[in-house]
Amino acid sequence: MRDLRMCACLLSALAIPVDAVARTYVVVIEQMRFEPGVLTVERGDRIQFVNKDLFPHTATADKKTFDSHAIAPGASWSLVVRHADRYTYFCTLHPTMHAILIVQ
């Protein structure tokens, strides 16, 4: 019985709080821009890039910490962020397209 109580205590100590549940955010690529242009998320969250444009785009961090490679029209690519930082990113195929991802 004592072992069972100890096991229950250990399991409750390992429980993940509801606030720690990862979320999914969507960045829409359309009309030659990323929307939203600035996105703030938590570590462990997923960002899904959805290309609604007529031609391929990339989501490539300036520091090369992530790179989607070409995302075809109508396709998507996702990224799970693990490290807190401020990431500026752009489309390598259309270098005038820029956005910012802030991971807290």
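Before any of the text, the structure's been laid out above.
A brief look at the structure comes next. (Residues numbered from 1 in each chain as written. Predicted model: local features only at pLDDT ≥ 70, side-chain atom pairs only at ≥ 80, totals over all residues. Heavy atoms only, no water.)

Right, let's get into the environment of Val21. Structurally, Val21 can be placed in the loop between α1 (2-14) and β1 (24-30). Among the residues examined, Val21 registers a relative accessible area of 51% and is labelled exposed. With 23 residues separating them along the chain, Val21 and Gly44 place their C-alpha atoms 8.4 Å apart. (Helix = DSSP H or I, 4+ residues; strand = E, 2+ residues; numbered from the N terminus. Buried < 20%, exposed > 50% of the residue type's maximum accessible area, 1.4 Å probe, protein only.)

Once that is clear, we can look at a nonpolar patch on the surface. Together, Met32, Leu54 and Phe55 line one region of the surface with nonpolar side chains, adding up to about 310 Å² of accessible area. Along the chain, Met32 turns up in the loop between β1 and β2 (33-35). (Patch = residues over 30% accessible without salt bridge, like charges linked within 9 Å, V, L, I, M, F, W, Y side chains within 5 Å. Areas by Shrake-Rupley, 256 points an atom, 1.4 Å probe, with all protein chains shown as cover. Salt bridge = Lys/Arg side-chain N within 4 Å of Asp/Glu carboxyl O.)

What follows covers the pairing of strand β7 (residues 85-91). Here strand β5 (residues 60-61) pairs with β7 via two bridges, running antiparallel. Looking at the pairing, Thr60 lines up with Phe90 of β7. Joining the antiparallel neighbours β7 and strand β8 (residues 94-103) is a turn of two residues. (Pairing = 2+ DSSP bridges.)

Here we come to the sheet that holds β2. Strand order in the open sheet formed by four strands is β2-β1-β4-β6, and the pairing between neighbours is mixed. Either end of the sheet is taken by a strand with one partner, and the two such strands are β2 and β6 (76-80). When strand polarity is set aside, the average angle formed by the axes of neighbouring strands in this sheet is 20°. Judged from the five bridges that link them, strand β4 (residues 46-51) and β6 form a sheet pairing that is antiparallel. Bridged to Phe49 within β6 is Trp77. (Axes fitted to C-alpha atoms, helices over the stretch in contact; angles between N-to-C directions.)

Grouped together as the largest cluster of nonpolar side chains are 20 residues, with contacts concentrated most on Phe34, Ile47, Phe49, Tyr89 and Leu101. Broken down by secondary-structure element, the contributors of at least two residues to this core are β1, β3 (38-41), β4, β7 and β8. If you tally residues by element for this core, the top one is β8, at four residues. In this structure Phe34 touches Val27, Val28, Ile29, Thr58, Ala59, Tyr89, Phe90, Cys91, Met97, His98 and Ala99, once residues within four positions along its chain are discounted. (Core = buried A, V, L, I, M, F, W, Y, C linked by side-chain atoms within 4.5 Å. Contact = heavy atoms within 4.5 Å.)

Another point: the side chain of Thr60. Within the fold, Thr60 resides in strand β5. Looking at Thr60, its side chain comes within polar contact range of the side chain of Thr58, at 3.1 Å. Among the polar contacts made by the side chain of Thr60, one reaches the side chain of Asp67 at a distance of 2.8 Å. Excluding its chain neighbours within four sequence positions, the residues that come into contact with Thr60 are Phe66, Asp67, Thr88, Tyr89, Phe90 and Thr92. (Polar contact = N/O pair within 3.5 Å; in protein donor to acceptor, adjacent residues only side chain to side chain.)

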